[in-house]
Structure formats: C-alpha cells, structure tokens
Amino acid sequence: MAGAAEKDIPKKELWGGGRSPFGVTYGKMMMWYFLVSDALTFGGLLIAYGVSRHEVIFPWPIGEQVFEGMPVLGSGYPLMYVALMTFILIVSSVTMVLAVEAGHRNHKPGVVRWLGWTIVGGFFFLGSQAWEWSHFIHGSGGAFKVAGEVTVTATLGSPSSPGETMTFTLKDDDMVFFDGDFGHEYEHAMHAGDHADEGHDAHGHEAHGHEAEGEGHGEDAHVSLENLKPEILILNKYTENKAFVQGAELEKIWKHKGEDTEVFGANLSENEYGPQQYANFFFFVTGFHGFHVFSGVLINIIVFLMVIKGVFEKRGHYEMVEKIGLYWHFVDLVWVFVFTFFYLV
Amino acid sequence: MERDDLIVNDQYALDAHHSEEDGVKIRKKIVFVTLLLTAITFVEVMMGVFIKRADTIGWEMTKWAFILLTMVKAGYIVMTFMHLGDERKNLRNFIIIPYFIFILYLIFIGLTEGNSVLDLRTPDTVIEQVAE
C-alpha cells in the first residue's frame, strides 16, 4: 500500500504542526494508544499467571489432560476443541481484513458480506467459550481427598491401554479422581441426599413441598450414596504419571476417603484440577478475553448496521471498519498468547 | 458529511483507498497468512498432544518452540492483519518498543520472584519429611 506512510518527509516539516507526524488519522492513532495499553494489561495478567505457576509446589495441571472434551463426541480429544476455537477466531480475523480491504475499494456489498461473517465467527467463538467454561465448571468426574496415609500400587495409563505398575504414597489432602460416569452418578446421589436432609429440617410449609416432590426418589438416593462404590479410581488425572487402581488396591484408598472432601468441577474456592490459582486465572484471563470478544461483537454489529445504512458511503471512506478491525485483530492476537500459555506450555 | 481521515492540512489519508489490482494482490497475501497461521496452530496442537512431558529436554525445547511459533503468529497478525508493517516507521516503533522494554523486564522480574518463592517454600516440606 503505497501512500503517505512511505514518503520521506523532513523532520522539521513532519513535526512542525498542521499534519499527523505518524501519518495516521486521529481515530486510528487513538485506537492504537488503547491497544498498546490493553496489551500491557493482558501482558501483566499472563505474567501474573506465570509467577503463580512458578511459585506453586504442587504439580500444575497439564493442558491436554484437562481440556480433552468435545461437544457431542465426549472426551478423549486432547486440545481439539481449543484448536477449533483458535481456528474460528483466526478465520473471523481474516474475514475482518477482507472487510477492511473491501472498504478501501469503497465496495459496500463486500464490506457488508465480510463484516457479517466476522460477526457470525464472533458468536461461534463466544458460544464455544461458554461451552468450555461450563465443561470446566462441571468437571469431568470429580475427586475426593485422602485422609491419613496409604501406599498403593497403580497401573500407569488407562484401562484400555495399561502401562507399567508404579507405587504411590498418598498423604493427607492428596486428590484421588473418580471415573467420569461414576463421578456424575455419585454427584447426583450426593445432591439428592442434600435435598432429603432439607426435607427433614421441617421448615413447615416449604418442607412439605420438598417431601411431596421427592418422596421415594430422595430416600432411594440417600441409601444408594452409601452403597455406591467405584470400580476404578484414577491417580494424577491432570498431571504426569496418570494411573488407575482397581480391586484390592482401590479398597485401600476407599477406606482412606476423607469425610465430605468430594470436589466436583471448579469454582473460585475449590477445584478438582489442582492448585486453586489455576482455576482462578483460567476464569479471570479467559473471562477478560471473552468480555473483549463480546464487546467486539457488539461494536461490529453497530458498525455493520451503519454500513448497511450507508453512513460510510456518504462519508466517502470506510475508516471506521479499519478501526474496529484493529480492535478485532487485537482480540485474536491476545487469544494466540492465551492459547499458548494456558493450553500448550 | 465532514471527513475525519485528514492527515495533512487539506489532504486526506492517501492509503485509505486502493485500486482493484492492488486489492487482488492484498487478498492473495491475506490468504497466504491465513494458511500459515492455521498450519502453525495445527503443528502446535500436534506437538502438545504427542510430545511427552516426561522427556525433560525434549519438553523444554518444545516449550521454547511454542513461544517462538507464538511470536511468529503474533508478528503476522500485527504486521499484516493490523497493517502495522505498512505504517510509518515512527508509529511502528512507538507501538512495539514498549514491549521489548517493559514486558521482557516484567517477565524477568516475575519469574525470578516466582522461583524465589518456590525456593522458600520447598525446604519446609523437606524438613517435614526428615522429621517424620
């Protein structure tokens, strides 16, 4: 793009007033200022994540073992969904460049078409992130903490592809993980038990409703919670040396199960994945980025409507599309870094 | 309507418009960068899935490869998609140089601090184990 930017202008004239020394308009300049500061914010957040990760003694969860779910297909697809999200965001960034390019040719239908696809891509990304969050919050099976000390021999790998055996010594508060299906059954039984307890508290009026609703059901679940026993337990589900135990070895761990130490999924005060900072940073950084995407989609929609109305056609140029394009690419840029440091490294 | 793309007294931004032929060239470049970014992401994911962390040296190198590939991706996004490569040099510098000063410094300070805290924490557990 040959233009003012490439011409060599003497310094005196360049900074002498009456022109933009940087060769860009006021609006673009201010967008760049904003992006520079916003990038420093994200840089600070990612570095804070790095600090936490370096100072934690316990092993940090491994991305491809935590994020291996796929909608509809289930689990066993390490990083595939995040890769898909990254791809969606890159493609929406591309459609945005194409919208900017069409704008430079004053080609209104082109801008409408490409900006439209960009908005669609943005919604896809937001939906994917909502799914990812929901999956992260619900967890994939849950865990409990060990009380006391127990030494077990476990088999590395998974039942479908078992590896060597290895001896683990589990201490107070070490996590042992349920298998997915059993974990969900157990969680259900626990919640049903909670409801039955509420019923017994006899809040007069309200308790009646509860009892009427879940009479036989609640009772059943309460009994089954005590009878529920896993057939398989997993050690180090999200870290190195992932292993499983069955039979007699499982029995040993089950006897050392801490009372009321079950954790299902993640929130801001507990999580099954490992160090608490891991979940907190995940929520904050991807949430902050998701909020940027959300506002980006809103801004894109507003400009999309302005393009359709012909505002920029009358103005004679589509610089507004270029400016929101800068913001949209920035959001993509941040995701590239979040992807590397949260999921890969 | 008043135009807001004024960059010199009575002149407008010259690079805000281009011809049909230029458009073809630009679109070609966009397609190239798209394929490149997709290929890099694919390679990264495959590396993450197949290279085992137990292999310490291999994993250490993989991590650096991830960071390097991320920088390449970031470079293409900023220089091509955000057109920074086509802007005047002084604009490019004021946007990029702060990161080399502040972010590198912050990474150094942050990770040094983190490692130092880990060092302070580690002996306690070792002492505990000995006491047991």
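Once a new chain begins, its residue numbering starts again from 1 and follows that chain's sequence as written. Whichever chain is written first becomes A and whichever ligand is written first becomes 1, with later ones labelled in order. The model is predicted, so local features are restricted to residues of pLDDT at least 70 and side-chain atom pairs to those at 80 or more, both for listing and for counting; the totals for chains, interfaces and linings are taken over all residues.

### Quick look at the overall build of chain B
Phase 1: Helix and strand assignments come from DSSP, with helices taken as H or I runs of at least 4 residues and strands as E runs of at least 2, each series counted from the N terminus. Helix and strand counts for chain B stand at 3 helices and 2 strands.
Phase 2: Of the regular secondary structure in chain B, the N- to C-terminal order runs β-β-α-α-α.
Phase 3: Every one of the 132 residues in chain B was classed for burial, and the buried ones make up 18%. Every C-beta atom is placed from the backbone, and the number of other C-beta atoms within 10 Å of a residue's own sets its class: buried at 20 or more, exposed at 12 or fewer, partly exposed in between.

### Here's the deal with the sheet that holds strand β5 (residues 161-170) of chain A
Residue and element names in this part refer to chain A.
Phase 1: For two strands to be treated as a pair, DSSP must find at least two bridges joining them. The strand order across the open sheet built from 6 strands is β3-β6-β7-β8-β4-β5, with neighbouring strands paired in antiparallel fashion. Two strands lie at the open edges of the sheet, namely β3 (143-145) and β5, each paired on one side alone. With strand direction ignored, the average angle separating the axes of adjacent strands in the sheet is 40°.
Phase 2: Both strand β6 (residues 175-178) and strand β7 (residues 233-235) contribute to a ladder of 2 bridges, which runs antiparallel. Convention adopted: a line fitted to C-alpha atoms gives each axis, helices being fitted over their contacting stretch, and angles between N-to-C directions are expressed from 0 to 180 degrees.

### Re helix α12 (residues 319-344) of chain A
Note that an α-helix has 3.6 residues per turn; residues three or four places apart therefore point the same way.
Phase 1: The span you would expect from a helix comes to 1.5 Å times its residue count less one. For α12(A), spanning 26 residues, the distance from its first C-alpha to its last is 36 Å, which sits close to the expected 38 Å at 1.5 Å a residue.
Phase 2: Taking burial as the measure, the 26 residues of α12(A) include 24 buried ones, the bulk of the element.

### Re the packing of helix α10 (residues 276-309) of chain A against α12(A)
Residues and elements named next belong to chain A.
Phase 1: Close contact between α10 and α12 brings their axes to 10 Å; oriented N to C, the two are set at 160°. The orientation of α10 relative to α12 falls into the category roughly antiparallel. Judged by the twist between their axes, the crossing of α10 over α12 is left-handed. Between α10 and α12, the residues in contact are F282, V285, T286, H289, H292, V293, G296, I299, N300 and V303 and M320, V321, I324, Y327, W328, V331, V334, W335, V338 and F342, respectively.
Phase 2: Residues of the contact of α10 with α12, tallied by class, amount to 15 nonpolar, 5 polar and no charged. Here the angle decides the label: under 35 degrees means roughly parallel, over 145 means roughly antiparallel, 65 to 115 means roughly perpendicular, and every other value means oblique. Should the near helix be turned counterclockwise from the far one by less than a right angle, the crossing is left-handed, whereas a clockwise turn marks it as right-handed. With C-beta atoms placed from the backbone, a contact is any residue pair whose C-beta atoms sit within 7 Å. Note on residue categories: nonpolar means Ala, Val, Leu, Ile, Met, Phe, Trp, Tyr, Cys or Pro, charged means Asp, Glu, Lys or Arg, and polar means any other residue, Gly included.

### Section: unusual backbone geometry
Residue and element names in this part refer to chain A.
Phase 1: Of note in the backbone geometry, L79 takes a positive phi value of approximately 65° without being a glycine.
Phase 2: With respect to the secondary-structure elements, L79 resides in the loop between β2 (74-75) and α4 (80-104).
Phase 3: Residue classification places L79 among the buried positions, given that 22 C-beta atoms sit within 10 Å.
Phase 4: Despite not being glycine, N236 shows a phi value in the positive range, around 50°.
Phase 5: Here N236 is to be found in the loop between β7 and β8 (243-245).

### Quick notes on the domain arrangement of chain A
Residues and elements named next belong to chain A.
Phase 1: Each domain's limits were defined by an automated method or a database of domain assignments. Split into domains, chain A comes out as domain 1 (57-140 + 277-344) and domain 2 (143-265).
Phase 2: At the level of secondary structure, the elements contributing two or more residues to the side of domain 1 that touches domain 2 comprise α3 (63-66) and α5 (108-138).
Phase 3: Residues of the side of domain 1 that touches domain 2, tallied by class, amount to 5 nonpolar, 5 polar and no charged.

### Focus on the environment of V331(A)
Residues and elements named next belong to chain A.
Phase 1: Looking at the secondary structure, you find V331 in helix α12.
Phase 2: A sequence separation of 35 residues divides V331 from G296, and the C-alpha atoms of the two residues are 8.1 Å apart.
Phase 3: Other than its neighbours up to four places away in sequence, V331 contacts H292, V293 and G296.

### Remarks on the domain arrangement of chain B
Size of an interface: often given as the accessible area lost when the parts come together.
Phase 1: As assigned here, chain B comprises domain 1 (21-86) and domain 2 (90-132).
Phase 2: Its C-alpha centre places domain 1 of chain B at a distance of 26 Å from the equivalent point of domain 2 of chain B.

### Here's the deal with the interface of chain A and chain B
Phase 1: Of the residues lining the interface, 54 residues belong to chain A; the matching set on chain B comes to 60 residues.
Phase 2: Elements with a minimum of two residues in the side of chain A that touches chain B: α2 (26-55), α3, α4, α11 (311-315) and α12 of chain A.
Phase 3: When the residues that make up the side of chain A that touches chain B are grouped by side-chain class, the tally is 27 nonpolar, 17 polar and 10 charged.

### Some thoughts on α5(A)
All names here are of chain A.
Phase 1: With 31 residues, α5 should reach 45 Å at 1.5 Å per residue; the first-to-last C-alpha distance of 45 Å fits that figure.
Phase 2: Buried residues of α5: V111, W114, L115, T118, I119, G121, G122, F125, Q129 and F136, and no others.
Phase 3: Buried residues belonging to α5 abut α4, α10 and α12.
Phase 4: Phi for G139, located one or two positions after α5, is positive at around 75°.

### Here's the deal with the confidence of the model for chain B
Residue and element names in this part refer to chain B.
Phase 1: What pLDDT expresses is the predictor's confidence in each residue, scored from 0 to 100. Of the residues in chain B, 83% have a pLDDT of 70 or more, and the chain-wide mean is 84.
Phase 2: For chain B, the element scoring lowest by mean pLDDT is strand β2 (residues 11-12), at 70; helix α2 (residues 56-81) scores highest, at 91.
Phase 3: ipTM for the predicted complex: 0.86, alongside a pTM of 0.85.

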